[in-house]
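# Chain and residue survey
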Number of protein chains: 2
Amino acid sequence: MRVLSEALALADERELDAVTMAALAQRLGVTTMALYRHVTNKADLLDGLVELLLAEAVQPAPQLAWPERLAAFATDLRATARRHPSVFPLLLERPAATAAARQARDEISLALADAGIPQQDTDQMQRLLSTAILGFALSEVAGRFDAQTAPQRDADFELLLEILTESIQSRLRA
Amino acid sequence: MRVLSEALALADERELDAVTMAALAQRLGVTTMALYRHVTNKADLLDGLVELLLAEAVQPAPQLAWPERLAAFATDLRATARRHPSVFPLLLERPAATAAARQARDEISLALADAGIPQQDTDQMQRLLSTAILGFALSEVAGRFDAQTAPQRDADFELLLEILTESIQSRLRA
DNA sequence: ACCTGAACACCGTTCAAGT
DNA sequence: ACCTGAACACCGTTCAAGT
């Protein structure tokens, strides 16, 4: 939907606070009130933005071994966060029960199943892994790691992946 | 400061959006404009709220073995999140360079040093651990785990601690 | 030192009316 | 079906003026 993609562009160019009904309408060359035909209210607009972000973040993954699949998922999510730093935080704050959110969970669960994690444990592990990855990506775009250099943040991300992979492997031996 | 503690109480009783300069002033029995004597603007007010939260979350820890010290830190942080669910998300979004933030980092670094992590690695590990714990606490209060029962979320939290502890131990053997 | 009145520019939202 | 004008209640903030 044009309204949503323009809202995302506006958020990227300025910041989330700049995404005002009036500013968005002006960008679309239309009056503020016209927006309420396409979106029921502002909360709905923000939900749409989150959905757009999720759809962009979760790529249909190719055939990969599970550690690479997990790394690809995390890398894609991190890249999306950096592309849309002002909208990304919304992702952690709005419980996503949408199709794209389910696809993200499935992607991790698939990696866990490939690794050989018992089916009764995959949901729990999936929640912990996705939370750790989301937390890292959010921290980075929110400026929590601004004291670190870019290469240092990359090294942190690599270590995160290493720890997550190890934690899966140790659950296989148990 | 009375202004900050009342703002926190207001956020707890209603929600963050309800913390408006007018509503806060009314609660203090004073006019809106009087607030600008105690706080330079609303952003400053929110920063003060974050600081208040951090101070509450980070308790001066007793003498504990490192796994218990780490667990105590995480448990305290999680409890603070649940006590102030609407303000807590701000903690991830405002890079905290304050005294309380430093104390939180030191608490984890101390546990890592006790565990025997080489000094050159503690900062990096500390960032990853605190990010995972913050991510969990934020997810929980933001409703990302609403599909899970309370006992299930508790079990998730225990597993998180277990994984983090394991990741420290595996770095000792390396 | 602390508080107030009046004023400003800007929010989101509704609703009847227009094409 | 889609857009607009006018209006509403509510934001944060400034500034001169009061005690």
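What follows covers the nonpolar core. Membership of the largest hydrophobic core comes to 119 residues, with the highest contact counts inside it found for L45, F88 and I168 of chain A together with L45, F88 and I168 of chain B. The element best represented in this core is helix 7 (residues 119–142) of chain A, accounting for 11 residues. With residues up to four places along the chain from it excluded, the contact list for I168 of chain B reads W66, L70, L112, A115, I117, M125 and L129 of chain B.

This brings us to the relation of the copies chain B and chain A. In screw terms, the move from chain B to chain A is a rotation of 180° and a rise of 0.0 Å along the axis, fitting with an RMSD of 0.0 Å. Put plainly, the chains are arranged around a two-fold axis. Comparing interface residues between copies, 100% of those in chain B also sit at the interface in chain A, which points to an isologous, same-surface contact.

A separate point is the protein's contact with DNA strand C. Contacts to DNA strand C come from 14 residues, most closely from T20 and K42 of chain A together with T31, M33 and H38 of chain B. Sugar and phosphate atoms represent 54% of those atoms of DNA strand C found within 4 Å of the protein. Within the contact set of DNA strand C, a phosphate oxygen lies 2.8 Å away from a side-chain nitrogen or oxygen of T20 of chain A. Interatomic distance of 3.0 Å between a backbone N/O atom of M21 of chain A and a phosphate oxygen of DNA strand C. Here the surface near DNA strand C is composed, by residue class, of seven nonpolar, five polar and two charged.

Thresholds applied
- Residues numbered from 1 in each chain as written.
- Chains lettered and ligands numbered in written order.
- Predicted model: local features only at pLDDT ≥ 70, side-chain atom pairs only at ≥ 80, totals over all residues.
- Heavy atoms only, no water.
- Core = buried A, V, L, I, M, F, W, Y, C linked by side-chain atoms within 4.5 Å.
- Buried < 20%, exposed > 50% of the residue type's maximum accessible area, 1.4 Å probe, protein only.
- Helix = DSSP H or I, 4+ residues; strand = E, 2+ residues; numbered from the N terminus.
- Contact = heavy atoms within 4.5 Å.
- Least-squares fit on C-alpha atoms with pLDDT ≥ 70 in both.
- Near = heavy atom within 4 Å.
- Polar contact = N/O pair within 3.5 Å; in protein donor to acceptor, adjacent residues only side chain to side chain.
- Nonpolar A, V, L, I, M, F, W, Y, C, P; charged D, E, K, R; others polar.

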